[in-house]
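What the coordinates show
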Amino acid sequence: MGEQNVLIVGGGVGAQRLAGQLRQYGHAGPITVIGAERHLPYDRPPLSKDVLRGERDSTTFHDVDERGVTWVLGTRAVALDPATRSVKTEDGRGYAYDVLVLAPGGRPRTIPGLEAGRGIHVLRTIDDALSLRDALRATGRLIVVGAGFIGCEIAASARQLDVQVDLIESLPAPLARVLGLRAAAEVATMHESHGVRLHTGASVSRVLRSPDGGVRGVRLADGAEIEGTHIVTGIGIVPDTEWLDGSGVELGDGIVCDDAGRTSVPGVYALGDAAQWWHELADGHRRLEHWTSTADQAGVVAEAIAGEPGAPPAALSNAPYFWSDQYDVKIQGIGFIDAGERVDQLVVRDRTVLLYSRDGIVRAVVGFSTPAAVMRTKPLIERRAPVAEAVKLLSPG
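Here we summarise the structure given alongside this text.

About the criteria used
Residues numbered from 1 in each chain as written. Predicted model: local features only at pLDDT ≥ 70, side-chain atom pairs only at ≥ 80, totals over all residues. Heavy atoms only, no water. Helix = DSSP H or I, 4+ residues; strand = E, 2+ residues; numbered from the N terminus. Buried < 20%, exposed > 50% of the residue type's maximum accessible area, 1.4 Å probe, protein only. Contact = heavy atoms within 4.5 Å. Salt bridge = Lys/Arg side-chain N within 4 Å of Asp/Glu carboxyl O. Phe/Tyr/Trp six-rings, centres within 6.5 Å; stacked < 30°, edge-to-face > 60°.

Comments concerning the environment of A372
Counting through the fold element by element, A372 comes out in helix α6 (residues 371-376). For A372, a relative accessible area of 53% gives the class exposed. Considering only alpha carbons, one finds A372 and K49, 323 residues apart in sequence, at a separation of 23 Å.

Quick look at the structure:
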């Protein structure tokens, strides 16, 4: 197993972690990474925070070029042929593999009329972040469309730069889709206390431009107009999987995998933002756009590739962890949050902690700058403990 030719499609943190762990496990065969960006793997979470605020110019992983890996950068994979065990790239070259790992990530979801262009931005890559940073330095007003994690983080960073921010969200509150309305209310209050103008239950019908073609604002569906010289959209990503159509790899909301990252095609694994793994705790397949989930998946896939022939692969059974830094608050969560779950709100050392449960079983927790409380609940979520046990664990006295 240690001499196999491993090909990785996607040049992000998943590739960086996987290549490093394969070498740590003693894998001596060739490892080749195909990356659509021209950059070596870098850390994405700081893009909407440190980089946008001008505190860092680069987030490239320092040890990425020391792993004995061949990096093929600046070109996209366009076709997979399982019969010949090869991947073709847009420059016409072909790359053979014994084991293939798909980690292509995704591209920013767009809204018709709000595609990236003059005065309109997305934030997915380091180049996007640097471009938006330049724009923030040149403007006093920013319009953010979409109040998910990325939109909220951009809004917070812009306010820390003293930029006026209008945050537009189609749902009743920021992060309502991912955290539910109780947590979303906390997030809304936080942003409003920092001077963000929230427009919830709203959508953009038109971009308003000045005679020279520059952005001067947007018109909402209700006719209201908002002034701003730059717009950034943050409404999630679309998995980069179209190139796999017809390959035999099963696709759903991403690349469908079992709990060890194996796809429907033998010898092909998937991980990261485009991978839809089976999660026992969720009772289904989930695609998780979290840094920690990608890192965990890379460890499981590396063990499967480097393991003993015939040995059952390790399964990813832990509850996923995520975080978001906004202003001086760190929002942290563990587990799977679904609509309709009961939410119990606790106060731990004057900070809010929310427990999500179904049929009396705790499924997730979200805390606002309460790291110890959040992490204490992880074993309870993973063994499907009664929510009453979590309440007792976190309650004072």
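Here we look at the environment of I8
Relative to the elements of secondary structure, I8 occurs in strand β1 (residues 6-9). C-alpha of I8 to C-alpha of E90: the two residues are 82 residues apart in sequence and 16 Å apart in space. Apart from the residues within four sequence positions on either side, I8 is in contact with A15, L18, I31, T32, V33, I34 and V101.

Digging into the pattern of salt bridges
Going through the model one piece at a time under the given rule, you end up with 27 salt bridges. Among the salt bridges present, the one from E153 reaches K49, with a minimum N-O distance of 3.0 Å. Within this pair, whereas E153 is found in helix α3 (residues 149-160), its partner K49 is found in the loop between β2 (31-35) and β3 (70-73), the two being separated by 104 residues in sequence. Taking the shortest distance from any N to any O, the salt bridge between D50 and R53 comes out at 3.4 Å. Of the residues examined, R53 reaches a relative accessible area of 23% and is grouped as partly exposed. When salt bridges that share partners are traced, they join R286, D338, E341, R358 and R363 into one network.

Some thoughts on the packing of aromatic side chains
Inspection of the entire model under this criterion finds 3 aromatic pairs. Look at F149 and F322: their rings are 5.9 Å apart centre to centre, the planes differ by 55°, and that puts the pair in the tilted class. Of this pair, F149 sits in helix α3 while F322 sits in strand β23 (residues 321-326), placing them 173 residues apart in sequence. Owing to a relative accessible area of 7%, F322 belongs among the buried residues under this scheme. Residues Y321 and W323 carry aromatic rings whose centres are separated by 6.2 Å and whose planes lie at 25° to one another, so their mutual orientation is stacked. Judged by relative accessible area, W323 falls into the partly exposed class, the value being 25%. Taken together, the ring pairs connect W291, Y321 and W323 into an aromatic cluster.

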